[in-house]
Structures are given as C-alpha cells and as structure tokens.
Amino acid sequence: MFDVSFLFRTFFLLWKAVPVTLLITVISLVSGVVLGFLIALSRVHKVKVLSQFSAVFVSFIRGTPIVLQIMVVYSIVPSFLNGIFIAAGSKVNVFELNPIYYAFTVFGLNNAAILSEVFRSALLTVSKGQLEAGYTAGLTYWQTYRMIIIPQALTVAIPNLCNATVSLIKNTSLAFMMTVKDVTAVAKIEASYGYNYIESYLDIFVIYIIICSAVQVLFRKWEKKQADYKKVSRA
C-alpha cells in the first residue's frame, strides 16, 4: 500500500544527497564549458588535426547512449588501467578510487561534446569582421574574444546553455550506476527496505522538478541581464 509517512520522511532525507548531485553538476558543467569552448574554437578556426579529432570526439559522444559511456568509463577503463599498473609493477589500486571521480569524467566529457556544438553555433553567428576590428583596435586574439566576440555569442548561447545544464542535472541521476550516493541512489536504498519504490520515485520526481525549475529561473534572469547589457552597449 501507498505509504504517505514514508513519502514525506524520505523526501526530506533525500535533500541530504542533493549536494552530491549539485557537486557533480557544477564540476561537470565547469569542465564541460572549458573543454567545449576549446573544441568549438578548434572547429570554427579549422585547426589542423585538432578539428578533425574534435569532430570525431563529438560525433562519438553524441552518437552513443550515456549509459554506455558510464559502463565504459566505470567498468572497462579501470580494469585497463589496473592491468597497466600491474604490468609496470605499481601498487596503485584504481578500484579504491572514489567513484564520484568517474562521474565527473563521464558527465564532464558528455557535457563538453554537447556544449561544443552550442558554442560553435553561437560563435558562427558573430561576424568574422569583429575579429578583424579587434586586431585593428590593437587588441590581441584573446582580448578580442573576451571583450567583443564572447559577449555577443553568449547572448545567443544562453538558452541552449540552459537546456544543456538542465539535461546534465537530469543525467546525473544515472550516477547511481557508479555507486555514487546521489539522490537516486539514496532513494533506491531507502525503498529497498520495504519495497516503497513508488513513493521514492515520486520523491525523486519532485526534487528534480524543484532543482531544474530553480536553474531555469536563474538562466532567465541571466538572459534578461545579458539582453539589457546588449541594449546598453548598442546605445
């Protein structure tokens, strides 16, 4: 039978695991932004070798299920590294590594591939003459990007960046597959004692709705602020 008391008790208990979910989200988002932007630059400027490698990387990540990526990173990679360490005579035990680092790796790489396309499309909306104008004004390549190109491209990228962030938050619910005790993992553990899976899944549903809604509100405020800044700069 549906246990209301379990529903409310577990709901508040799961909030203790929210910091783990947010930590994975923040680390993966930051690493994804940095790596994704560099990948986008290499493809926009068609850097030899690097642009081709980036295209293959993005195609592989976007063309495979994230569940498969988790299985590869969490199961195959540690075994492969362990074999290398044993062959080298090292006493390093990769299986003792905190599984959250595997979560950082999987979600960071996955997010980088997605954001690289977001940044690439946003950068392509900025006229190439903007870069030449920066050089004419005596700015360096990075100064031109930081002061002229990125602010313009960011206005275009914010909605897609919001979607990518929300998708990342939802994807972190799969971290339990790597034995990371996030919201989903704690809910499944609590439900297993009395088979209260319906109540636990409802708790997870509500918590992710709250988190994702809060993130969308923050991005809307950022988008409005960026739009106001663009109006002022034009004036």
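Located above this text is the structure these notes cover.
Residues numbered from 1 in each chain as written. Predicted model: local features only at pLDDT ≥ 70, side-chain atom pairs only at ≥ 80, totals over all residues. Heavy atoms only, no water.

S.K.: Just give me the short version of the overall build of the protein, but keep the residues and values in it.
M.R.: A count of helical and extended segments in the protein gives 9 helices and 0 strands. For the protein, the α and β elements follow one another from N to C terminus as α-α-α-α-α-α-α-α-α. The principal-axis extent of the C-alpha atoms belonging to the protein is close to 70 × 50 × 25 Å. Evaluated residue by residue, the protein yields a buried proportion of 40% over its 235 residues. A fraction of 79% describes how many contacts in the protein between residues 6 or more apart in sequence connect residues 24 or more apart. Carbon and sulfur atoms form 69% of the exposed surface of the protein, whose accessible area is close to 13,800 Å². Measuring between centres, the 20 positive side-chain charges of the protein sit 12 Å from its 10 negative side-chain charges. (Helix = DSSP H or I, 4+ residues; strand = E, 2+ residues; numbered from the N terminus. Buried < 20%, exposed > 50% of the residue type's maximum accessible area, 1.4 Å probe, protein only. Contact = heavy atoms within 4.5 Å. Areas by Shrake-Rupley, 256 points an atom, 1.4 Å probe, with all protein chains shown as cover. Lys, Arg positive; Asp, Glu negative; His and termini not counted. Charge placed at Lys NZ, Arg CZ, Asp CG, Glu CD.)

S.K.: An account of the environment of Val-206 is requested, with residue identities and associated values reported.
M.R.: Turning to its location among the elements, Val-206 is positioned in helix H9 (residues 197–234). For the pair Val-206 and Thr-125, spaced 81 residues apart in the sequence, the C-alpha separation amounts to 37 Å.

S.K.: Could you give me a rundown of the packing of aromatic side chains, with the residues and numbers involved?
M.R.: For the coordinates displayed, the defined rule picks out 11 aromatic pairs. Judged by centre distance (5.5 Å) and plane angle (80°), the rings of Tyr-74 and Tyr-102 are edge-to-face. On the criterion of sequence distance, the pair formed by Tyr-74 in helix H4 (residues 66–87) and Tyr-102 in helix H5 (residues 100–124) is long-range, its members being 28 residues apart. The exposure class of Tyr-102 is buried, given its relative accessible area of 11%. Feature note: the residues Phe-37, Phe-119, Tyr-141, Trp-142 and Tyr-145 constitute an aromatic cluster, connected by ring pairs. (Phe/Tyr/Trp six-rings, centres within 6.5 Å; stacked < 30°, edge-to-face > 60°.)

S.K.: Go over the nonpolar core, please, and point to the residues and values.
M.R.: Ile-24, Phe-107, Leu-123, Met-178 and Val-183 are the most contacted members of the largest nonpolar core, which totals 50 residues. Those elements that place two or more of their residues in this core are helix H1 (4–14), helix H2 (18–44), H4, H5, helix H7 (141–171), helix H8 (183–194) and H9. When residues no more than four places from it in sequence are discounted, the contact partners of Phe-107 are Ile-24, Ser-28, Ile-66, Ile-70, Leu-168, Asn-171, Thr-172, Ala-175 and Met-178. With 5 residues, the next largest nonpolar core counts Phe-57, Val-58, Ile-61 and Ala-113 among its residues. (Core = buried A, V, L, I, M, F, W, Y, C linked by side-chain atoms within 4.5 Å.)

S.K.: Would you mind going over the pattern of salt bridges in detail, with residue names and values included?
M.R.: If charged atoms from side chains of opposite charge come close, those side chains can pair. As enumerated under the stated definition, the model contains 4 salt bridges in all. Where Arg-62 meets Glu-117, a salt bridge forms, and the shortest distance between an N and an O atom there is 3.6 Å. One end of the pair, Arg-62, is in helix H3 (residues 50–62); the other, Glu-117, is in helix H5, and 55 residues separate them in sequence. Taking relative accessible area as the criterion, Glu-117 reaches 18% and is therefore assigned buried. The closest approach of N and O atoms between Glu-117 and Arg-120, which form a salt bridge, is 3.1 Å. Here Glu-117 and its partner Arg-120 are both found in helix H5, 3 residues apart, which amounts to about one turn of the helix. (Salt bridge = Lys/Arg side-chain N within 4 Å of Asp/Glu carboxyl O.)

S.K.: Explain unusual backbone geometry to me, and be specific about the residues and the numbers.
M.R.: For Thr-179, which is not a glycine, the phi torsion comes out positive at approximately 60°. Among the secondary structure elements, Thr-179 is positioned in the loop between H7 and H8. Residues other than glycine seldom take positive phi values, yet Tyr-195 does so here, at roughly 55°. On the secondary structure map, Tyr-195 appears in the loop between H8 and H9. When its relative accessible area of 67% is taken as the criterion, Tyr-195 is described as exposed.

S.K.: Now, about the packing of H5 against H7: what can you tell me, with residues and values included?
M.R.: Running from amino to carboxyl end, H5 crosses H7 at an angle of 140°, the nearest separation of the two axes being 8 Å. With respect to each other, H5 and H7 are oriented oblique. The two elements H5 and H7 cross, and the hand of that crossing is right-handed. Counting all contacts with H5, which are made through Phe-107, Asn-110, Asn-111, Ile-114, Leu-115, Val-118, Ala-122 and Leu-123, the residues of H7 involved are Tyr-145, Ile-149, Ala-153, Val-156, Ala-157, Asn-160, Leu-161, Ala-164, Leu-168 and Asn-171. When grouped by side-chain class, the residues that make up the contact of H5 with H7 number 14 nonpolar, 4 polar and no charged. (Axes fitted to C-alpha atoms, helices over the stretch in contact; angles between N-to-C directions. Parallel < 35°, antiparallel > 145°, perpendicular 65-115°, else oblique. Left-handed = near helix turned anticlockwise from the far one by under 90°. Nonpolar A, V, L, I, M, F, W, Y, C, P; charged D, E, K, R; others polar.)

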